[in-house]
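# Chain and residue survey
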Amino acid sequence: MTFSFPLDDKRNAEELLKHLATHNLRPPGNCVVSVKTLVAHVSSLNTYSLGSARTAW
């Protein structure tokens, strides 16, 4: 499953990685993160954690 996470000045890629870690998602172990200018795409087979992380973002 893949979700998009919007990025801005406060919520940057570094903050996203910290946020994902709180939901037990750590690249490259159990997720893949692709960062663009204003959005990051996160893919993982752990759909529950990924969905929880997206909701809390």
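Residues numbered from 1 in each chain as written. Predicted model: local features only at pLDDT ≥ 70, side-chain atom pairs only at ≥ 80, totals over all residues. Heavy atoms only, no water.

### Description of the packing of aromatic side chains
Inclusion rule: Think of it this way: a Phe, Tyr or Trp ring, Trp meaning its six-membered ring, pairs with another when their centres are within 6.5 Å, and the plane angle makes it stacked under 30 degrees, edge-to-face over 60, tilted otherwise. A run of H or I in DSSP counts as a helix once it spans at least four residues, and a run of E counts as a strand once it spans at least two, with each numbered from the N terminus. Any residue under 20% of the maximum accessible area for its type is buried, any over 50% is exposed, and the rest in between are partly exposed; the area is computed with a 1.4 Å probe on protein chains only. For a lysine, the NZ atom is tested; for an arginine, the CZ atom; a charge sits over a ring if that atom is within 6 Å of the ring centre and within 35 degrees of the ring normal.
In the structure shown here, the tally under the stated rule is one aromatic pair. For the ring pair Phe5 and Trp57, a centre distance of 6.1 Å and an interplane angle of 75° mean the geometry is edge-to-face. In this pair, Phe5 is assigned in strand 1 (residues 2-6) and Trp57 in the segment after helix 2 (47-56), connecting sequence segments 52 residues apart. An identical accessibility class is assigned to Phe5 and Trp57; each is buried. Against the face of Trp57 rests Arg11, its NZ or CZ located 4.9 Å from the ring centre.

### Topic: the environment of His41
As a reminder, the rule being used: Here a residue-residue contact requires only that any non-hydrogen atoms of the pair lie within 4.5 Å. Nitrogen and oxygen atoms within 3.5 Å of one another constitute a polar contact, given that in protein one can donate a hydrogen and the other can accept it, and given that sequence-neighbouring residues count only through two side-chain atoms.
Tracing the backbone through its elements, the reader meets His41 in strand 3 (residues 39-43). Given the relative accessible area of 28%, His41 is considered partly exposed. Once the C-alpha coordinates of His41 and Asn12 are considered, the two residues, 29 residues apart in sequence, prove to be 13 Å apart. If near-sequence neighbours (up to four positions away) are discounted, His41 is found in contact with Thr2, Phe3, Ser4, Val32, Val33, Ser34 and Lys36. Within the local environment of His41, its side chain forms a polar contact with the side chain of Ser4, the two groups lying 3.0 Å apart.

### Observations regarding the side chain of Ser49
Relative to the assigned elements, Ser49 resides in helix 2. Residues within four places of Ser49 in sequence aside, it is in contact with His23 and Leu25.

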